[in-house]
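Reading the structure
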Amino acid sequence: MASSHGRFRHRQVLRAGLLVLAAAALTACGEKAEKKQGQALASVNGEEVTVMQLNEELTRVNPQVAQQEAARKQLLESLIDRQLLQGEAVKEKMDRDPKVVQAIERAKATIIAQAYLQKRVGTVARPTKEEVQAYYTQNPQLFSNRKQFDMRQLVLATADLNDDVKKAIDSSKSLEEVAVFLDQNKVKYARAQLVRSTTELPPELSTRLLAMPKGQLFIVREGTRSLLISIADTKDAPIALEQAGPQIEQFLFNKKNKEAADAAIKQLRATAKIEYMNQPAKPAAAAAAGTAPAAAPAPATAPAPATATSPATSEDVNARGVAGLK
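Residues numbered from 1 in each chain as written. Predicted model: local features only at pLDDT ≥ 70, side-chain atom pairs only at ≥ 80, totals over all residues. Heavy atoms only, no water.

Side note on the overall build of the protein
Each helix and strand in the protein was counted, giving 11 helices and six strands. Looking at the protein as a whole, 30% of its 326 residues are labelled buried. If you take every contact in the protein between residues at least 6 apart in sequence, the share linking residues at least 24 apart comes to 73%. Of the roughly 21700 Å² that the protein leaves accessible, carbon and sulfur atoms contribute 55%. (Helix = DSSP H or I, 4+ residues; strand = E, 2+ residues; numbered from the N terminus. Buried < 20%, exposed > 50% of the residue type's maximum accessible area, 1.4 Å probe, protein only. Contact = heavy atoms within 4.5 Å. Areas by Shrake-Rupley, 256 points an atom, 1.4 Å probe, with all protein chains shown as cover.)

Structure below.
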């Protein structure tokens, strides 16, 4: 597991490094680049890698104390790799590629905007113990009354979900009956098991799953594959305040930060002059009425039947469930 985290961090640092090297290369065009500041740790084809650069990377990664020495060595090697890539990129004049220039400008604008927003918002107070307690009490379905769903799945190609297969699913009383039919008709499928709780799932999905009897079948389509799902069991899985407290505190802290950022942006919009240009024309009927096009009908509130096939927008089970049960 440690090596997996290490590789992830290495890739993360390298990806960030590629953007930084492109920015450095662009700055160098037409003018001499400023000499790097700080004590040198390595020289790569005459270009220094400094302590300042390494410390900045360490701040971003924020390794645990016991892993700091290993992280320093790994990050130094990543900085050397970055410098090598930057040098080759400049040789091939990739820093002048319009797509690279555009990506650099976008990254620069994002960094400056985030820096201003952080300064404008300031330091947001951490949630108090009372706020954490209140959130825990007000959301029993997530904590004290938390439920856990044990689900079984048959995964098959969407192309194989023809009328005969749908009829077999509608007439079957269990996942095993469907599996027998698929075997008899030589339809390929894979079995999967999934465990999710009301803490992980959207509230509307949890409510619908809790209303379903054990064994009820429903289908969720995910592009080229479809999932036939059955709830094998639903059981109590409460979480104590002591266990949930740190996660609640972080959630509330993130929420406060977002609200502060949203308020700052709202205030800026209120005093700014914003003009929309070259926008798509409204449909004739809607434009004549002075209204936007009508929204799509709201999804049904009842659980979907076994053949519900609304498209999912993510591989994540939360999105799958919402898409399939709305």
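Next comes the rest of the account.
Notes on the sheet that holds strand β6 (residues 225-236)
Spatially, four strands are ordered β4-β3-β6-β5 in an open sheet, and the strand pairing comes out antiparallel. Across the chains shown, the open sheet's two edge strands, defined by having one partner strand only, are β4 (189-197) and β5 (217-222). Each strand of the sheet is rotated relative to its neighbour by a mean of 30°, with strand direction disregarded. The sheet contact formed by strand β3 (residues 147-157) and β4 spans nine bridges and is antiparallel. (Pairing = 2+ DSSP bridges. Axes fitted to C-alpha atoms, helices over the stretch in contact; angles between N-to-C directions.)

Considerations on the packing of aromatic side chains
By convention here, two paired aromatic rings are described through the distance between centres and the angle between planes. Scanning all chains against the criterion turns up three aromatic pairs. When the ring of Tyr 135 is compared with that of Phe 251, the centres are 5.3 Å apart and the planes differ by 45°; the resulting orientation is tilted. With Tyr 135 in helix α5 (residues 129-138) and Phe 251 in helix α9 (residues 241-271), this residue pair connects regions lying 116 residues apart in the sequence. Here a set of aromatic residues connected by ring pairs shows up, and it is made of Tyr 135, Tyr 136, Phe 143 and Phe 251. In this arrangement the basic side chain of Arg 126 is found over the ring face of Phe 253, its NZ or CZ atom lying 4.1 Å from the centre. (Phe/Tyr/Trp six-rings, centres within 6.5 Å; stacked < 30°, edge-to-face > 60°. Lys NZ or Arg CZ within 6 Å of the ring centre and 35° of its normal.)

Quick look at helix α7 (residues 175-184)
Taken together, the buried positions of α7 are Leu 175, Val 178, Ala 179 and Leu 182. Down the axis of α7, the buried side of the element spans an arc of 100°, and every buried residue falls inside it. The elements touched by buried residues of α7 are β3, α6 (163-171), β4, β5 and β6. Lys 186 occupies a position one or two residues after α7 and carries a positive phi of about 55°. (Arc of directions from axis to C-beta.)

A word on the packing of α5 against α9
Contact geometry for α5 and α9: axes closest at 9 Å, N-to-C directions at 105°. One way to sum up the angle between α5 and α9 is to call them roughly perpendicular. For the pair formed by α5 and α9, the contact residues are Glu 131, Val 132, Gln 133, Tyr 135 and Tyr 136 on the first element and Leu 241, Ala 244, Gly 245, Ile 248, Glu 249, Phe 251, Leu 252 and Lys 256 on the second. The residue inventory of the contact of α5 with α9, partitioned by class, reads eight nonpolar, two polar and three charged. (Parallel < 35°, antiparallel > 145°, perpendicular 65-115°, else oblique. Nonpolar A, V, L, I, M, F, W, Y, C, P; charged D, E, K, R; others polar.)

Here's the deal with the pairing of β3
The pairing of β3 with β6 spans 11 bridges and is antiparallel. Bridge pairing in β6 links Leu 156 to Ser 226.

Thoughts on the pairing of strand β2 (residues 47-50)
Here strand β1 (residues 40-44) pairs with β2 via four bridges, running antiparallel. Across the sheet, residue Val 44 finds its bridge partner in β2, namely Glu 47. Between the end of β1 and the start of β2, which pair antiparallel, lie two residues, with Asn 45 showing a positive phi angle near 55°.

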